[in-house]
Amino acid sequence: MTSSQSKGNSRAADLDPLHTRQTLDDKETRIAISGHPIHAMLVAFPIALTVCTLGADLFYWWSGDVFWARAGLWAIGMGFLMGLAAGVSGTVELLLVPGIRARAASWTHFTIAVALLSMMGANFGLRLSGYEQAVLPWGLLLSVLCLGFTGLTGWHGGKLVFDYQLGTVGKGN
């Protein structure tokens, strides 16, 4: 078989609906512990810590108690680190599983999640040089944006799991 025939067969496989269907059906997680997807286990932490950061910022604004500014620093810092861990596991899934990679919704989820991680990192970095001064107004604004992007990312991630059953274990389940 020549090189041009090989390329032609590759293109035919890409256009073949049966091949496409097989690719879309390959959607099981590749990164799991005892059948539990790691990405799904990790995303709960940055979600909760993003909510906690906004709560701490609002309590600091309301009370002026330095404890809440410091709590916001720790919450966004740990949320950012756990978000990085969730992002690495999710990116590996995206790149390894053809059924995940083939869907546009996966790339939308990925893009919004990268933007969210960037904002979380900026929020954490802003607070490192003086957490009390960083909360108002920019830390609070970043916390609100982070929470909004967390909702968007979670919406798209949930859509992938519940509508397409992506990143799950067991095709028959």
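In this report, we go over the structure that sits alongside the text. (Residues numbered from 1 in each chain as written. Predicted model: local features only at pLDDT ≥ 70, side-chain atom pairs only at ≥ 80, totals over all residues. Heavy atoms only, no water.)

1. Some details on the side chain of His156
Cut-off, in case you're wondering: Elements are defined by DSSP. Helices are runs of H or I of four residues or more, strands are runs of E of two residues or more, and each kind is numbered from the N terminus. The buried label goes to any residue with under 20% of its type's maximum accessible area, the exposed label to any with over 50%, and the partly exposed label to all in between, with areas taken from a 1.4 Å probe on protein chains only. Contact definition: two residues touch when any of their heavy atoms are within 4.5 Å.
Mapped onto the fold, His156 is located in helix α8 (residues 131-164). You can call His156 buried: its relative accessible area is 17%. In this structure, His156 is in contact with Thr108, His109 and Ile112, ignoring residues within four places of it in sequence.

2. Things to note about the nonpolar core
Let me state the cut-off plainly: What we call a nonpolar core is a set of buried Ala, Val, Leu, Ile, Met, Phe, Trp, Tyr and Cys residues that are connected through their side-chain atoms within 4.5 Å.
Within the largest apolar cluster, 7 residues are counted, these being Ile76, Phe80, Leu116, Leu117, Met119, Met120 and Cys146. Put simply, the parts of the chain that give this core at least two residues each are α5 (66-96) and α7 (104-128). Looking at this core element by element, the count peaks at 4 residues for α7. Once residues lying within four places of it in the same chain are set aside, the contact partners of Met119 are Leu142, Leu145, Cys146 and Phe149. Listed in part, the 6 residues of the second largest apolar core include Leu94, Val97, Ala105 and Leu166.

3. Things to note about the layout of surface pockets
To find leftover empty space, one rolls a probe the size of a water molecule over the atoms. Applied cut-off: Definitions used throughout: a 1 Å grid over protein atoms alone; a cavity as a set of points that fits a 1.4 Å probe which cannot get out; a pocket as an open set with protein on both sides within 12 Å along at least five of seven lines; a lining residue as one with an atom within 4 Å of a point. Grid points are joined across faces, edges and corners, and a volume is the space filled by probe spheres set on the points. Residues are grouped as follows: Ala, Val, Leu, Ile, Met, Phe, Trp, Tyr, Cys and Pro are nonpolar; Asp, Glu, Lys and Arg are charged; all remaining types, including Gly, are polar.
Computed from the structure, the largest pocket encloses a volume of approximately 800 Å³. Looking at the largest pocket, it is lined by 34 residues, and the ones nearest its centre are His39, Val43, His109, Thr153 and Gly157. Here the lining of the largest pocket is built from residues that sort into 18 nonpolar, 15 polar and 1 charged.

4. So, the environment of Ile76
The residue Ile76 is located in helix α5 in this model. As a C-alpha pair, Ile76 and Cys52 span 24 residues in sequence and 8.1 Å in three-dimensional space. For Ile76, the residues in contact, after removing those within four places along its chain, are Thr53, Met120, Asn123, Phe124 and Arg127.

5. Description of the packing of aromatic side chains
Here is the rule: Centres within 6.5 Å make a pair out of two Phe, Tyr or Trp rings, where for Trp the six-membered ring is used; the pair is then stacked when the planes are under 30 degrees apart, edge-to-face when over 60, and tilted otherwise.
Summed over the entire model, instances satisfying the criterion amount to 4 aromatic pairs. Look at Phe67 and Trp68: their rings are 4.9 Å apart centre to centre, the planes differ by 75°, and that puts the pair in the edge-to-face class. Taken together, the ring pairs in this structure connect Phe59, Trp62, Phe67 and Trp68 into an aromatic cluster.

6. Digging into the pattern of salt bridges
As a reminder, the rule being used: Whenever Lys or Arg places a side-chain nitrogen within 4 Å of a carboxyl oxygen from Asp or Glu, that contact is recorded as a salt bridge.
Enumeration over the complete set of coordinates arrives at 1 salt bridge. A salt bridge links Asp57 to Arg127, with the nearest nitrogen and oxygen atoms 2.6 Å apart. Of the two residues, Asp57 sits in helix α4 (residues 44-63) while Arg127 sits in helix α7, which places them 70 residues apart along the sequence. Overall, the relative accessible area of 0% leaves Arg127 in the buried class.

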